[in-house]
Amino acid sequence: MMRSNAHHMGMRTKTKISNTIIYIVLVIMMLIWLIPFVCILLESFRIESTGKVGYVIPKVWGFDNYISLWTKTDFPTWYLNTLIIGLVVAVVQMAFVLCTSYTLSRMRFKGRKGLMNFILVLGMFPGFITMIVLYKVLSGVGLTNENAIFGLMLVFTASSGMGYYVSKGFFDTIPKSLDEAARVDGATRLQVLTKVTLPMSKPIVIYTILTAFMAPWGDFMFARYISHLTSKGMTVAVGLQSWLNTELMTNAYYTRFCAGGVMVAIPITLLFMFLQKYYVEGVTGGAVKG
Amino acid sequence: MATVKLTNVKKVYGKNVVAVNEFNLEIADKEFVVFVGPSGCGKSTTLRMIAGLEEITEGTIEIDGRVVNDLQPKDRDIAMVFQNYALYPHLTVFENMAFSLRLRKMKQDDVYAKVTEAADILGITELLMRKPRELSGGQRQRVAIGRAMVRDSKVFLMDEPLSNLDAKLRNQMRAEIILLRQKINTTFIYVTHDQTEAMTLGDRIVIMKDGIIQQVGTPAEVFDMPYNLFVAEFVGAPKMNTFETELVCENGKYYVTPYGAKIQVEGKKADKLAQRNVQTQRIILGVRPEHIALTDANDPRGIPSKVEVNEMMGGELHLHVITDDGDRVIIRVQTINLTEDVRASLTYGSTVYFTFEGKAMHFFGVDSKHNLIS
């Protein structure tokens, strides 16, 4: 009895020690990760000097940088551009992805396996190898620079159906007999999708919308290629980056740049805070539910 | 409330997996027909073709005189109950039952009236506001039946509706389905692998094997006069005993001679053998466990055997005995006819003598496996 107790205690202490070590490592990693974000956040509120300084914590706090960001620069245009692209892509991509997933999960047709393999192989090529061709095509039809918003919408939604894996995995876990019951009950295929499958798939719908919104919101490479000439067609990422190209903007208006960075982070942070639980369910749901 | 007619229906999966072949059946209005057979016999596939959930490879299916081959399930006016209930998990019981009515844009008051009426018949009124996951298996099955009931559809299809329930609940629900049938009075097609369900529920039973109908008949017909050995062995529990032996025709009388005994065939069976002018030949003799009687060593018709297993079922005993030739035979004995001494003596290894009832024997061709007199 004594021995087993002692043994038990030993185990418990061991777990405690290893947990402590793990947490210490995690905290250190988190701090390293957070440092740049905290710096940007703090600098965005600094008003005693708008350039680069040798300290982090502001001496005088205020919203001046934000006010000048929204009133004196093209930032509102970029922000609106990005928001429009993000929302349109989120909606269109959701429709594409969910339809593709439902079709590949539920229907059996000739070439289904081949199509899935084809998409798999196609997905292995990194997206940016098509960049030059895409630029040529888009500039040929006039969807670059001032019309870059439409160009970007096209680029982000065009192949979105290929990202069907996660939601197909989720749909696969919903018993087929539910579809059949609904069809016998008088539902068309579309009604089965909207009245039975989707209401049961909230996590995956939210996951799809979230990822669809985030991709254009955070993208720099494509956006930069397609719109770099006029401010009118720029997204936030491209616009903010363009500031870094000039001495003046980098040195004299550094805090305003930081305020821009914080503004970009806000919508995504909010989305994640409210939808986090669905997001986790969406990512893991398809895998464990079966 | 409709007739269903299947003509030369065939189902092929892929290139050459034939699931159902040459299926011909006419189901009368308000008839209760049961498709029964071992798993993989094509019974569910046939039901699903009637429902429109599987395409028909060849042949035609008519509901109420209209060919429905190319109609979507929603246009066939059928209701179906699934083995795994298939309740919509995100909807309440009420919404589950109202689903089809709302799709048809029925007025809210009518929907309410319909659903509450069905819930009342099934005794699930107090469950209407619950979600399916808060229900027990039996309750879920009731809801599934209710969802099909509110439809007032032409044909009521049931695909192994009781298979997911435990034994006790299954017996109870079986009785309820018989009652339900009186109340809703429509055409039923019921699929099961359980011969007890088939026998107790069906007006007619369709026994299938490997995608082909073996026999169609009333429960009494398939029990008393099975077309072939498969049907004979499938219907009835415990299953029929078979013996390869000789059927002897002597002076217009027929005898079977298993294990050197000589037992005369009597009654209608003997008449039919004579009518068909069946000659002396080797046959497979089938005798149901309840048509075997215990006798004693003095009986010239008695066949000696040793008891292997004695299953006390309550009202009856299932004796598993083994003959001197090593054949296993099951005998069903009513316990009420046994004295205490005899019951006590039926232990492992003890010798018993059995014989057959002359009027309840079945004769099958050795090669054809067909009933010689059906």
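Residues numbered from 1 in each chain as written. Chains lettered and ligands numbered in written order. Predicted model: local features only at pLDDT ≥ 70, side-chain atom pairs only at ≥ 80, totals over all residues. Heavy atoms only, no water.

**A closer look at a positive patch on the surface**
Line of reasoning, step 1. Together, Arg108, Lys113, Lys176 and Arg189 of chain A line one region of the surface with positive charge.
Line of reasoning, step 2. Following the sequence through the fold, Lys176 of chain A ends up in helix α8 (residues 176-184). (Patch = residues over 30% accessible without salt bridge, like charges linked within 9 Å, V, L, I, M, F, W, Y side chains within 5 Å. Areas by Shrake-Rupley, 256 points an atom, 1.4 Å probe, with all protein chains shown as cover. Salt bridge = Lys/Arg side-chain N within 4 Å of Asp/Glu carboxyl O. Lys, Arg positive; Asp, Glu negative; His and termini not counted. Charge placed at Lys NZ, Arg CZ, Asp CG, Glu CD. Helix = DSSP H or I, 4+ residues; strand = E, 2+ residues; numbered from the N terminus.)

**Considerations on the domain arrangement of chain B**
Residues and elements named next belong to chain B.
Line of reasoning, step 1. Domain boundaries in chain B define domain 1 (4-233) and domain 2 (234-365).
Line of reasoning, step 2. For domain 1 versus domain 2, the distance between C-alpha centres works out to 38 Å.
Line of reasoning, step 3. Between domain 1 and domain 2, the contact holds 18 residues from the first and 14 residues from the second.
Line of reasoning, step 4. Buried surface at the junction of domain 1 and domain 2, both sides included, amounts to about 1400 Å², of which 66% is carbon and sulfur.
Line of reasoning, step 5. Together, Gln195, Phe223 and Glu233 form the three largest contributors to the area buried by domain 1 at its contact with domain 2, with a combined 45%.
Line of reasoning, step 6. If you look at where domain 1 meets domain 2, you find one salt bridge.
Line of reasoning, step 7. Glu233 is the salt-bridge partner of Lys239, the closest N and O atoms lying 3.9 Å from each other. (Domains from an automatic or database assignment. Contact = heavy atoms within 4.5 Å. Buried area = accessible area lost by both parts, 1.4 Å probe.)

**Digging into the pairing of strand β4 (residues 58-63) of chain B**
Residue and element names in this part refer to chain B.
Line of reasoning, step 1. Inspection of the sheet shows strand β1 (residues 4-13) paired to β4 by five bridges, in the antiparallel sense. For Val4, the partnering residue across the bridge sits in β4 and is Ile63.
Line of reasoning, step 2. In terms of strand pairing, β4 meets strand β5 (residues 66-67) through two bridges, oriented antiparallel. In the strand pairing of β5, Glu62 is matched with Val67.
Line of reasoning, step 3. Count of turn residues in the β4/β5 antiparallel hairpin: two residues, of which Asp64 carries a positive phi of about 55°. (Pairing = 2+ DSSP bridges.)

**A short note on the nonpolar core**
Residues and elements named next belong to chain B.
Line of reasoning, step 1. In this structure, Phe23, Phe35, Leu157 and Ile189 are the most contacted members of the largest nonpolar core, which totals 53 residues.
Line of reasoning, step 2. A per-element tally of this core places strand β2 (residues 17-27) first, with five residues.
Line of reasoning, step 3. Those residues in contact with Ile189, other than ones at most four positions away along the chain, are Val4, Ile27, Val33, Phe35, Leu47, Ile50, Val155, Phe156, Leu157 and Met158.
Line of reasoning, step 4. Among the nonpolar cores identified, the runner-up in size contains 45 residues, and Leu128, Met149, Leu165 and Ile205 belong to it. (Core = buried A, V, L, I, M, F, W, Y, C linked by side-chain atoms within 4.5 Å. Buried < 20%, exposed > 50% of the residue type's maximum accessible area, 1.4 Å probe, protein only.)

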